[in-house]
Amino acid sequence: MNVPQTDTKRIVIIGGGFGGISLAKKLRKLDAQVVLIDRHNYHTFQPLLYQVSTSGLEPDSIAYPIRKVLKRLTNFHFRLASVEKIDTKRKEIQTDMGLLAYDYLVLATGTKTNFFGNLGIEKHAMPMKTVPQALDIRSLMLQNFETADDCEKEVERKALLTFCIVGAGPTGVELAGAFAELKRHVFPKDYRHLNVSEMEIHLFEGGERVLAPMSESSSKKAALFLENLGVTIHVNTIVQDYDGAILKLKNGQTMRTKNVIWAAGVTGAAIEGFETTKLVEKLNRYKVNGFNQVEGFHEIFAIGDIAYMETLDYPKGHPQVAQPAIQQGEHLAKNLSLLYQGKDLKPFLYYDKGTLATIGRNRAVADIGKFKFGGFFAWFIWIFVHLAALVGFRNKVVVLFNWAYNYINYDKAARLIVRPFHRKV
Ligand SMILES: Cc1cc2nc3c(=O)[nH]c(=O)nc-3n(C[C@H](O)[C@H](O)[C@H](O)COP(=O)(O)OP(=O)(O)OC[C@H]3O[C@@H](n4cnc5c(N)ncnc54)[C@H](O)[C@@H]3O)c2cc1C
């Protein structure tokens, strides 16, 4: 790779997500060359991907150019590349653009969708981890509505209008709520000759309750909110297979549907080059010590979703959400500065700010410390927290404007099929 060699040490960060960006931002004053590599030239605000999938927001409201976020860094280089391998002996990474040597390496690659080895589901269901995938879901949903409007056969029409979401974590719950809002307020106006009440929204969960990472009271409230919106919840139900037409459940039942969204799990986006003992089995997360150093290495760090740090408070690692990634990125910047000064590193301590999930208009649930509540106040907090966390002033303004417009008009304006979805054969 053509990155200039300088006298200062080179810190290579792989991944411009929450962890990578929060780290890079804080390296402004360090006398180091910072190189950030990502396969996208933008940072994705994943918590709002579901609003792109359901026409609430345009993708450019939740994505932000990495070069712009980090424009204040002087000795900084961004490279649009995919990292394929790490050579820890030569201290070099291999990318689809060539090789690059590092003095310090930070792995901030996050996670990828986990299909648990089920090829049928991988081929036919829709994941929602990136902006292009969210746009695919939006196009598929609108294309299927267009086809349904012209479909005479009831069985076929119902399959086109049946939406199955697998996984009732925050992503699945928020997505189901947004589909229900479309059914209630938007589609009846767009498709006046279609019986929109034929649209069904099913939420499948293998565990015994929705929003398992949250408190039981929030979980119950969320289930009630969803049911009031007309979502059918199937708990203790394992989805076994999907062939593009029929969804098969482990209990033997089947369902005809043309829309299956897979929100049932993620696995670490680990990169080749480490012994497998450095990764936690099944989770694919790098084992790190309290300073985020990958087991056995002083110069390689992992932060965010890809890092697995066991602490007394979090014996199974930190939750794979944005806050640990942001806080670990900021903390690692301080530790790199200490390292430069030859001082001892400080262990990472996670401060849990709480968990929120929204379910359609005016409703959300919140677990903040010992307070568990739901309804309008939680929804208001959800709005404020997401606006504050969005990267870029422009995006905050655009999102606020869109939300206000959608709220007043009961609308979701981004109902555009700009890049039709074609299933890969
Ligand atoms: C749909 C969805 C909804 C979510 N909702 C919430 C929520 O409401 N609240 C919350 O706190 N968290 C939420 N999360 C989780 C949160 O987004 C993650 O915990 C957070 O993004 C982790 O940050 P990270 O920096 O570790 O990884 P990421 O933000 O995932 O960033 C990883 C980056 O690495 C890049 N990358 C990966 N591999 C390579 C490679 N080999 N070469 C080059 N680049 C690479 C990727 O392109 C990406 O930009 C949600 C996640 C999803 C998918």
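Before reading further, recall that the structure is shown in the block above.
Presented here is an overview of the structure given in this document. (Residues numbered from 1 in each chain as written. Predicted model: local features only at pLDDT ≥ 70, side-chain atom pairs only at ≥ 80, totals over all residues. Heavy atoms only, no water.)

1. Quick look at the packing of helix H5 (residues 131-149) against helix H7 (residues 170-190)
Step number 1: Their axes nearest at 14 Å, the elements H5 and H7 cross at an angle of 45°. One element, H5, and the other, H7, form an angle in the oblique class. Pair H5 / H7 crosses with right-handed handedness. Mapping the contact onto sequence places Ile137, Met141, Leu142 and Phe145 in H5 and Phe179, Leu182 and Phe187 in H7. (Axes fitted to C-alpha atoms, helices over the stretch in contact; angles between N-to-C directions. Helix = DSSP H or I, 4+ residues; strand = E, 2+ residues; numbered from the N terminus. Parallel < 35°, antiparallel > 145°, perpendicular 65-115°, else oblique. Left-handed = near helix turned anticlockwise from the far one by under 90°. Contact = heavy atoms within 4.5 Å.)

2. Brief notes about the pairing of strand E6 (residues 83-87)
Step number 1: With 4 bridges connecting them, E6 and strand E7 (residues 92-95) associate as antiparallel partners. When the bridges of E7 are listed, Ile86 appears paired with Ile93.
Step number 2: Between the end of E6 and the start of E7, which pair antiparallel, lie 4 residues, with Lys91 showing a positive phi angle near 55°. (Pairing = 2+ DSSP bridges.)

3. Some words on the site of the ligand
Step number 1: Of all residues adjacent to the ligand, which total 26 residues, the nearest are Gly19, Asp38, Val83, Asp305 and Ala322.
Step number 2: Contact distances for the ligand include 2.9 Å between an oxygen atom and a side-chain N or O atom of Gln46.
Step number 3: Between Val321 and the ligand, the recorded distance is 3.3 Å, taken from a backbone N or O atom to an oxygen atom.
Step number 4: Protein contact buries 88% of the 1000 Å² of open area that the ligand shows by itself.
Step number 5: Residues belonging to the shell around the ligand are distributed by class as follows: 10 nonpolar, 12 polar and 4 charged. (Near = heavy atom within 4 Å. Polar contact = N/O pair within 3.5 Å; in protein donor to acceptor, adjacent residues only side chain to side chain. Areas by Shrake-Rupley, 256 points an atom, 1.4 Å probe, with all protein chains shown as cover. Nonpolar A, V, L, I, M, F, W, Y, C, P; charged D, E, K, R; others polar.)

4. Side note on a nonpolar patch on the surface
Step number 1: Side chains of Phe376, Phe377, Phe380, Tyr407 and Ile408 sit close together on the surface and give an oily, nonpolar patch of about 570 Å² of accessible area.
Step number 2: Residue assignment for the nonpolar patch shows that the elements contributing at least two residues are helix H10 (376-389) and helix H11 (393-409).
Step number 3: Among the elements that take part in the nonpolar patch, H10 stands out by supplying 3 residues, more than any other. (Patch = residues over 30% accessible without salt bridge, like charges linked within 9 Å, V, L, I, M, F, W, Y side chains within 5 Å. Salt bridge = Lys/Arg side-chain N within 4 Å of Asp/Glu carboxyl O.)

5. A word on the sheet that holds strand E9 (residues 104-107)
Step number 1: Read across the open sheet, the 5 strands follow the order E5-E2-E1-E9-E21; overall the sheet is parallel. Both outer strands of the open sheet, strand E5 (76-80) and strand E21 (300-302), are each paired with one neighbouring strand and no more. When the angles between neighbouring strand axes are averaged without regard to direction, this sheet yields 15°.
Step number 2: With 4 bridges joining them, strand E1 (residues 9-14) and E9 adopt parallel strand pairing. Residue pairing for E9: Ile11 is matched across the bridge by Tyr104.
Step number 3: Sheet strands in contact with helix H1 (residues 18-25) are E1, strand E2 (32-38) and E9, and its direction is about 155° off that of E1.

6. Quick word on the packing of H1 against helix H9 (residues 322-340)
Step number 1: Axis separation between H1 and H9 bottoms out at 7 Å; the angle between their running directions is 30°. Comparing the axis directions of H1 and H9 gives the class roughly parallel. Our pair here, H1 against H9, has a crossing hand that is right-handed. From H1, Phe18, Gly19, Ser22 and Leu23 reach across to H9, where they touch Ala322, Ala325, Ile326, Gly329, Glu330, Leu332, Ala333 and Leu336.
Step number 2: Counted by class, the contact of H1 with H9 contains 8 nonpolar, 3 polar and 1 charged residues.

7. Notes on the sheet that holds strand E12 (residues 162-166)
Step number 1: The sheet built from 5 strands is open, its strands ordered E11-E18-E12-E13-E14 with parallel pairing. The open sheet has two free edges, formed respectively by strand E11 (126-127) and strand E14 (231-234), since each of these has just one partner strand.
Step number 2: With 4 bridges joining them, E12 and strand E18 (residues 259-262) adopt parallel strand pairing. By the bridge assignment, Phe163 is partnered in E18 with Asn259.
Step number 3: The sheet strands contacting H7 are E12, strand E13 (200-204), E14 and E18, and the helix crosses E13 at an angle near 170°.
Step number 4: Contacting E13 and E14, helix H8 (residues 216-228) runs over the sheet at an angle of about 135° to E14.

8. Considering the environment of Gln133
Step number 1: The topology assignment puts Gln133 in helix H5.
Step number 2: We classify Gln133 as partly exposed; its relative accessible area is 22%.
Step number 3: Here the alpha-carbon distance between Gln133 and Asp243, two residues 110 residues apart in the chain, equals 19 Å.
Step number 4: Each residue touching Gln133, except ones within four places of it in the same chain, is listed here: Pro127 and Met128. (Buried < 20%, exposed > 50% of the residue type's maximum accessible area, 1.4 Å probe, protein only.)

9. Quick look at the packing of aromatic side chains
Step number 1: Evaluation of the coordinates by the stated rule reveals 15 aromatic pairs.
Step number 2: Ring centres 5.2 Å apart and planes at 40° place the aromatic pair Phe145 and Tyr191 in the tilted group. Here the residue Phe145 occupies a position in helix H5, and Tyr191 occupies one in the loop between H7 and E13, the gap between them amounting to 46 residues.
Step number 3: An aromatic cluster is present here, built from Phe145, Phe163, Phe179, Phe187 and Tyr191 joined pairwise through their rings.
Step number 4: Positioned above the aromatic ring of Tyr407, the side-chain terminus of Arg361 is 4.0 Å from the ring centre.
Step number 5: The ring of Tyr410 carries Arg361 above its face, with NZ or CZ at 3.6 Å from the centroid. (Phe/Tyr/Trp six-rings, centres within 6.5 Å; stacked < 30°, edge-to-face > 60°. Lys NZ or Arg CZ within 6 Å of the ring centre and 35° of its normal.)

10. Observations concerning the nonpolar core
Step number 1: Ranked by internal contacts, the top residues of the largest apolar core, which has 71 residues, are Leu48, Phe179, Phe187, Leu203 and Val210.
Step number 2: If near-sequence neighbours (up to four positions away) are discounted, Leu203 is found in contact with Ile165, Gly167, Ala168, Gly172, Val173, Ala176, Val210, Leu226, Val231, Thr232, Ile233 and His234.
Step number 3: Core analysis: the second largest hydrophobic core is formed by 28 residues, Ile14, Val83, Leu105 and Tyr314 among them. (Core = buried A, V, L, I, M, F, W, Y, C linked by side-chain atoms within 4.5 Å.)

11. Regarding the pattern of salt bridges
Step number 1: Here the structure, examined in full by the defined rule, presents 11 salt bridges.
Step number 2: For Arg363, the salt bridge is made with Glu181, and the minimal N-O distance between the two is 3.9 Å. You can see Arg363 sitting in the loop between strand E23 (355-358) and strand E24 (364-368) and its partner Glu181 sitting in helix H7, a full 182 residues away along the chain.
Step number 3: Look at Glu181 and you get buried, because its relative accessible area is 8%.
Step number 4: In this structure, the salt-bridge partner of Arg415 is Asp190, at a minimum N-O distance of 2.6 Å. You can see Arg415 sitting in the segment after H11 and its partner Asp190 sitting in helix H7, a full 225 residues away along the chain.
Step number 5: Bridged by salt links that share partners, the residues Asp190, Asp411 and Arg415 form one connected network.

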